[in-house]
There are 2 protein chains.
Amino acid sequence: MRRLVITIQYDGSSYHGWQVQSNAVTVQQVFQNAVEKVFGERLDVKGCSRTDSGVHANMYVLTLDTDMNISNDGVIMALNSNLPSDIAVIDCKEADFDFHPRYSCTSKEYVYKLYNGRIRNPFLADYAFHYRYPIDAHYLNEQAQAFVGTYDYSGFCSSKSDVEDTVRTVKAFSVYREGDMVYFKVEADGFLYNMVRIMVGTLLFVSEGKIKKDSLKDVILSKDRKRAGKTAPPQGLYLNKVNY
Amino acid sequence: MRRLVITIQYDGSSYHGWQVQSNAVTVQQVFQNAVEKVFGERLDVKGCSRTDSGVHANMYVLTLDTDMNISNDGVIMALNSNLPSDIAVIDCKEADFDFHPRYSCTSKEYVYKLYNGRIRNPFLADYAFHYRYPIDAHYLNEQAQAFVGTYDYSGFCSSKSDVEDTVRTVKAFSVYREGDMVYFKVEADGFLYNMVRIMVGTLLFVSEGKIKKDSLKDVILSKDRKRAGKTAPPQGLYLNKVNY
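As the structure is a prediction and not an experimental result, all values here were calculated from the model.

Glancing now at the interface of chain A and chain B. Each partner contributes residues to the interface: chain A has 23 residues there, and chain B has 23 residues. Summed over both sides, the interface of chain A with chain B buries roughly 1800 Å², with 61% coming from carbon and sulfur. Contact with chain B buries area across many residues of chain A, yet Arg120(A), Pro122(A) and Phe123(A) alone supply 40% of it, more than any other trio. Remark: the boundary between chain A and chain B carries 0 salt bridges. The tally of links between chain A and chain B comes to 8 residue pairs in polar contact (both at pLDDT 80 or more). Among the elements of the structure, strand E1 (2-10), strand E3 (56-66), helix H2 (72-82) and strand E4 (87-95) of chain A are those that each provide at least two residues to the side of chain A that touches chain B. Broken down by element, the side of chain A that touches chain B gets its largest block of residues, 4 residues, from E4(A).

In structure tokens:
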């Protein structure tokens, strides 16, 4: 028996997130079907994270255990032949049995893409949030440093969630522009439900002056969801890196 | 009465090309519906080109005639509010009544995008052709110069077509690489049905050694569809520029 650690990328536009659901197509479900075809049996596939409907992954890590005699390159090729074109296996290696894609993870990085052109870009409808008002990325980057540190982030969590411990350590946050695209990149030891999308929405409140200069820390400390910004839409969000 | 010249961009993934068809959703149809909402009447919308199912446009020019008193910026905003997110109006201006989006055009430019990574990129499934074998873009660019000039291109035309004059003047052809993406860019006074996609497929035959060095001109002169390469798939093709 070996534990395979598999890295995939996916365009989440057509999926209701990662996790299997009874009434909607999810990445996990489609992946498990491909696994069943390749390995000849239904195997338990464990993922590193739930992702929401329409959210993408540049790097998503999962594990499965198998007795099958197949090379790691063979796994990559066979799975890719059995997956739809919007999911790709990019790596496969072995790990010890104490490795868990979710619990062994030391930090995760998300990137949020915002298209800041005056007129929408029709090629980015599913891949970035179109926001037409002026953004000073340098100013937002400066203000966003208030997120870095260990805080009770319960004001940056959707009410759907029933997590008990809402303290998270944000290791880095950066906002930068490349042409008409503005990127929000955040690394943390973990994330609450919708946390990145609420952080982005809150920075847009900062951009619009609805949250005053240097008062983002007060918003965090208030733990009041109503003082944070709107939840930015899902199509701009990418799970970018999972660190172990 | 004024003639409006409108420039749009569209992601063709969800459309059966430009031209209205009885049993499939096309860009022209969706655009005419938006026009009817904005102008309050069904107007005749003339386009610069047919495009195939799944083909995209970075620049597509069309005209319509109206008596309505509305600014050009107003037309842009009103149409964009009534169009789906995969079509965008990026410009609107007036022209004389002898201007025709198709017949006044002096040349068109297409770009074909080929993703040359070993493993497919799930974000490019609808936006580039995945071709995994090595490509020497410099060599192909050199060989592709055989296309430049005035030739009877009947060997580079799908049989569906019933055009009588198959002579076209190719003004420029370039092949270049940016990272894992290889671009084929071609400008001509006009194009036959599937001409660009057959040109790209033929250059892949050159790349694979199925067409020998410096013999592409013979293939063109043979006017034999069987000596040219396969028709490359539609999702890599973009109408890039229309010159008047």
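Now, onward.
In this section: unusual backbone geometry. Phi is positive for Asn194(A), which is not a glycine, with a value near 70°. The class of Asn194(A) is buried, set by a relative accessible area of 14%.

Before going further, it helps to examine the relation of the copies chain A and chain B. Once turned by 180° and shifted 0.0 Å along the axis, chain A lies on chain B with an RMSD of 0.0 Å. Such a turn and shift between the copies fits a two-fold axis. A high fraction, 100%, of the interface residues of chain A reappear at the interface in chain B, so the copies pair face to face through one surface.

Below, the discussion takes up helix H1 (residues 27-39) of chain B. Residue pairs spaced three or four apart in an α-helix point in one direction, given the helix's 3.6 residues per turn. All names here are of chain B. The terminal C-alpha atoms of H1 lie 18 Å apart, and with 13 residues this matches the ideal 18 Å at 1.5 Å per residue to within 8%. Regarding H1, the residues found buried are Val27, Gln28, Val30, Phe31, Gln32, Ala34, Val35, Val38 and Phe39. Turning to H1, the residues buried within the fold contact strand E1 (2-10), strand E3 (56-66), helix H2 (72-82) and strand E4 (87-95). Positive backbone phi, at 75°, marks Gly40, one or two positions downstream of H1.

Turning next to the packing of helix H3 (residues 137-144) of chain A against helix H4 (residues 195-207) of chain A. Residues and elements named next belong to chain A. Two elements in contact, H3 and H4, have axes separated by 10 Å at closest approach and are oriented at 120°. As summarised for this structure, H3 and H4 are arranged oblique, according to the angle between their axes. Classified by chirality, the crossing of H4 by H3 is right-handed. Listed contacts from H4 to Tyr139, Leu140, Gln143 and Ala144 of H3 are Leu203, Val206 and Ser207. Looking at the contact of H3 with H4 residue by residue, the class counts come to 5 nonpolar, 2 polar and no charged.

Here we come to the packing of aromatic side chains. The full count for this structure, using the stated rule, is 31 aromatic pairs over all chains. Where Tyr176(A) meets Tyr183(A), the ring centres are 5.2 Å apart and the plane angle is 15°; that geometry is what we call stacked. The exposure class of Tyr176(A) is partly exposed, given its relative accessible area of 26%. Accessibility expressed as a relative area gives 15% for Tyr183(A), which makes it buried. Taken together, Phe123(A), Tyr127(A), Tyr238(A), Phe123(B), Tyr127(B) and Tyr238(B) form an aromatic cluster joined through their ring pairs.

Residue and element names in this part refer to chain B. According to the stated counting rule, one finds 16 salt bridges over all chains in the structure shown. With its nearest N and O atoms 3.2 Å apart, the salt bridge here joins Arg197 to Asp52. Of this pair, Arg197 sits in helix H4 (residues 195-207) while Asp52 is found in the loop between strand E2 (46-47) and E3, placing the two residues 145 residues apart along the sequence. Note that Lys223 is salt-bridged to Asp152, the shortest N-O span being 4.0 Å. With Lys223 in the loop between helix H5 (216-222) and strand E10 (237-243) and Asp152 in strand E7 (residues 149-152), this residue pair connects regions lying 71 residues apart in the sequence.

Residue and element names in this part refer to chain B. When E7 meets strand E8 (residues 167-178), the two strands line up antiparallel, connected through 4 bridges. Paired with Thr150 across the strands is Thr169, a residue of E8. Bridge count between E8 and strand E9 (residues 181-188): 8 bridges; the pairing is antiparallel. Bridge pairing links Ser174 to Lys185 in E9. Here E8 folds back onto E9, and the loop between the two strands holds 2 residues, one of which, Gly179, carries a positive phi near 65°.

Moving on: the confidence of the model for chain A. For chain A, per-residue confidence averages 96 on the pLDDT scale, and residues scoring 70 or more make up 99% of the total. Both confidence scores are given for the complex: pTM 0.93, ipTM 0.92.

This next bit is on H3(A). Residue and element names in this part refer to chain A. Within H3, burial applies to Ala137, Leu140, Gln143 and Ala144. Buried residues in H3, looked at end-on, bunch into an arc of 125°, giving them a common side. Elements that come into contact with the buried residues of H3 comprise strand E8 (167-178), strand E9 (181-188), H4 and helix H5 (216-222). The N-cap of H3, judged by a side-chain oxygen 3.2 Å from the amide nitrogen of His138 a few residues on, is Asp136.

The rules behind each value
- The numbers attached to residues start from 1 for each chain and follow its sequence in the written order.
- Starting at A for chains and at 1 for ligands, labels are handed out in the order in which the entities are written.
- Selection of residues for local features in this predicted model requires a pLDDT of at least 70, selection of side-chain atom pairs for listing and counting requires 80 or more, and totals for whole chains, interfaces and linings are taken over all residues.
- Excluded from the side-chain calculation are hydrogens and water; included are all heavy atoms of the structure.
- In this description, contact between two residues means that some pair of their heavy atoms is separated by no more than 4.5 Å.
- Put simply, buried area is how much 1.4 Å-probe accessible surface two parts lose in total, over both of them, once they are put together.
- Any Lys or Arg side-chain nitrogen found within 4 Å of a carboxyl oxygen on Asp or Glu counts as a salt bridge.
- Under the rule applied, a polar contact is a pair of N or O atoms within 3.5 Å (in protein, one hydrogen donor and one hydrogen acceptor; residues adjacent in sequence only if both atoms are side-chain atoms).
- For helices the rule is a DSSP run of H or I covering at least 4 residues; for strands it is a run of E covering at least 2, with both sets numbered from the N terminus onward.
- Partly exposed residues are those whose accessible area sits between 20% and 50% of the maximum for their type, while under 20% is buried and over 50% is exposed, using a 1.4 Å probe and protein chains only.
- Fitting of the copies onto one another was done by least squares over C-alpha atoms, counting residues only where both copies have pLDDT of at least 70.
- To estimate the expected span of a helix, subtract one from its residue number and multiply by 1.5 Å.
- Interaxial angle, 0 to 180 degrees, is taken between N-to-C directions of lines fitted to C-alpha atoms, where a helix line uses only the stretch in contact.
- With respect to orientation, any angle under 35 degrees is reported as roughly parallel, any angle over 145 as roughly antiparallel, any angle of 65 to 115 as roughly perpendicular, and every other angle as oblique.
- Two helices crossing with the near one rotated counterclockwise from the far one by less than a right angle form a left-handed crossing, whereas a clockwise rotation gives a right-handed crossing.
- For this classification, the nonpolar set comprises Ala, Val, Leu, Ile, Met, Phe, Trp, Tyr, Cys and Pro, the charged set comprises Asp, Glu, Lys and Arg, and every other residue, Gly included, is treated as polar.
- Stacked, edge-to-face and tilted labels apply to pairs of Phe, Tyr and Trp rings (six-membered ring for Trp) whose centres lie within 6.5 Å, assigned for plane angles under 30 degrees, over 60, and everything in between, in that order.
- If DSSP finds at least two bridges between two strands, the strands pair.
- Residue-level confidence of the predictor is what pLDDT reports, using numbers from 0 through 100.
- As used here, the arc belongs to the directions running from the helix axis to the C-beta atoms.

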